[in-house]
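# Notes for the structure review
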Amino acid sequence: MKAAVVYKKGEMPKYAEIAEPIVQNENQILISVKAVAITNLDKGKASGAHYSSEKENQNGFVVGSDAIGLLEDGTRVYARGISGTMAEKAIIDKNIFVPLPDGISNAIAASMPNAVAGSAMALKFRAQIKPGETVLINGATGFTGQMAIQIAKHYGAKKIIVTGRNEKTLQILLELGADEAISLKQNDEDFIAQLKAIHLNTPIDIILDYLWGHPAELILSILKGNGSFTNKVRYVTIGGMAGDTIQLSSGILRSVDLQLVIRFRFRKLGKRRSQIIVFRNSSGNVSSGSSK
């Protein structure tokens, strides 16, 4: 079969002829792939930058993490791939797929799940959004961020604040439902002043962060309390487009009621978990745990 194969991390995939993947147990089946979206996860694994990247091997590996495909009986489905999906055939779990309605094209069906699921799960299950809350989306100018605005509105967000570098797209986000748009291209002092003024007027309840890095440092700095009680902030980190590390003052953690939800994925009995670290200024305790 034909497939997009990475033989050396950091290089472009090759259009190559490889053997069809072989199912390993009764819970696995083959699908005929019709469409695949290229996600940041796929690009990160292909480059070797993502923590889940496969080890180098001379036979290479097929990129792609999900797909639209046909079951043996012709049913069109969306599924996550057990094998790489940018190929004519891919292995999926026979118990985990979504049949597709006739009215949606393969291309649209392939492009939606990553953005919709990532935003919806972060808001509903990680942040546990409630109607009437204020949501900040850091790095909202990408496709996933744009979906997050609409999903936050659907879940009843009272106010949505967005940040990004593309000022033209920031204006479009206001048409999608965002209430405030803040440019990351301005200097740090102006960014902090603008966001702090908004936070003082309508305290931020939830932060969805697709960027991390320096923008996260700026956002966390405006949350710092002054010794009195603060509203609870649920900070969900989803991506690291602006850098994987930050400097975080212990004074911020001691002065704010902050729940930091660090999303990570690992395969164990087919489940995904997220680490939750809770910092509370009301009782002074620090606890950690995990959430399915």
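All of the points below concern the structure found in this document. (Residues numbered from 1 in each chain as written. Predicted model: local features only at pLDDT ≥ 70, side-chain atom pairs only at ≥ 80, totals over all residues. Heavy atoms only, no water.)

Another point: the nonpolar core. The biggest cluster of nonpolar side chains holds 24 residues, and the ones touching the most others in it are L195, I207, L223, Y235 and L258. Residue assignment for this core shows that the elements contributing at least two residues are α5 (188–201), α6 (213–223), β13 (233–237), α7 (250–255) and β14 (258–263). Counting residues per element, this core draws most heavily on α6, which supplies six residues. Not counting residues up to four positions away in its chain, the partners in contact with L223 are H199, I207, V233, V256 and L258. (Core = buried A, V, L, I, M, F, W, Y, C linked by side-chain atoms within 4.5 Å. Buried < 20%, exposed > 50% of the residue type's maximum accessible area, 1.4 Å probe, protein only. Helix = DSSP H or I, 4+ residues; strand = E, 2+ residues; numbered from the N terminus. Contact = heavy atoms within 4.5 Å.)

For the pair α5 and α6, interaxial distance at closest approach is 9 Å and the crossing angle is 45 degrees. Judged by the angle between their axes, α5 and α6 are oblique. Judged by the sense of rotation from one axis to the other, the crossing of α5 with α6 is right-handed. Taken together, the residues of α6 that come into contact with α5 (itself represented by D188, F191, I192, L195, K196 and H199) are H214, L218, I219, S221, I222 and L223. Here the contact of α5 with α6 is composed, by residue class, of seven nonpolar, three polar and two charged. (Axes fitted to C-alpha atoms, helices over the stretch in contact; angles between N-to-C directions. Parallel < 35°, antiparallel > 145°, perpendicular 65-115°, else oblique. Left-handed = near helix turned anticlockwise from the far one by under 90°. Nonpolar A, V, L, I, M, F, W, Y, C, P; charged D, E, K, R; others polar.)

Another point: the environment of L173. Tracing the backbone through its elements, the reader meets L173 in helix α4 (residues 167–176). Accessibility expressed as a relative area gives 0% for L173, which makes it buried. Excluding residues that lie within four positions of it along the chain, L173 makes contacts with A140, T141, Q146, I149, V162 and A178.

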